[in-house]
Amino acid sequence: MTNIDTRSSFFPNTKTKTSSNPLAETLLKRNSPDRVKELNTYAKSDSKVDISDAIKDFAKIKRVADSAPEVDNSDKIARLKSQIQAGTYKVDYDALADKILSEEV
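Below: a short report on this structure. What you see is a predicted model, and the numbers here were worked out from it, not measured in a lab.

Looking now at the overall build of the protein chain. Summing up its helical and strand segments, the protein chain has five helices and zero strands in all. Listing every helix and strand of the protein chain by position from the N terminus yields α-α-α-α-α. Within the span of the protein chain, comprising 105 residues, buried residues form 1% of the whole. Carbon and sulfur atoms make up 56% of the accessible area of the protein chain, which amounts to about 10,700 Å² in all.

So this is what it looks like as structure tokens:
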């Protein structure tokens, strides 16, 4: 059996080093404590996210709407369909106008 080490030098903690490149050794070193503090400072200041109040309000509204019980209007829809098909459906124009105006204001 031969004593050939086939491990790759790609991994920094391998026992065999096939190159004596000083740049490669420098790149593999860990950051100094001062550099770690500097990086943490940048990360804290640059990773801030501000969420607008409108988005927060929308999220609250969505939560409330999602938690509301589901309304079953199938009977009402079937009744209106049958009235429309029979020609007996009468539009309440005053109520319709009030609804349109209330949504505009």
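From this point, things continue past the structure.
Moving on, we get to the pattern of salt bridges. Charged atoms that come close allow side chains of opposite charge to pair. One pass over the structure, following the stated rule, counts two salt bridges. For E38, the salt bridge identified is with R35, shortest N-O distance 3.3 Å. Remark: R35 and E38 occur in helix 2 (residues 33-46); sequence separation between them is three residues, near one turn of the helix. Its relative accessible area of 35% is what places E38 among the partly exposed residues. We classify R35 as partly exposed; its relative accessible area is 35%.

What follows concerns a nonpolar patch on the surface. Among the surface-exposed residues, I84, Y89, V91, Y93, L96 and I100 lie close enough to one another that they form a single nonpolar patch of about 610 Å² accessible area. Among the elements that line the nonpolar patch, the one with the most residues is helix 5 (residues 93-104), at three residues. Inspection of the secondary structure puts Y89 in the loop between helix 4 (74-86) and helix 5.

Rules used throughout
- Residues numbered from 1 in each chain as written.
- Predicted model: local features only at pLDDT ≥ 70, side-chain atom pairs only at ≥ 80, totals over all residues.
- Heavy atoms only, no water.
- Helix = DSSP H or I, 4+ residues; strand = E, 2+ residues; numbered from the N terminus.
- Buried < 20%, exposed > 50% of the residue type's maximum accessible area, 1.4 Å probe, protein only.
- Areas by Shrake-Rupley, 256 points an atom, 1.4 Å probe, with all protein chains shown as cover.
- Salt bridge = Lys/Arg side-chain N within 4 Å of Asp/Glu carboxyl O.
- Patch = residues over 30% accessible without salt bridge, like charges linked within 9 Å, V, L, I, M, F, W, Y side chains within 5 Å.

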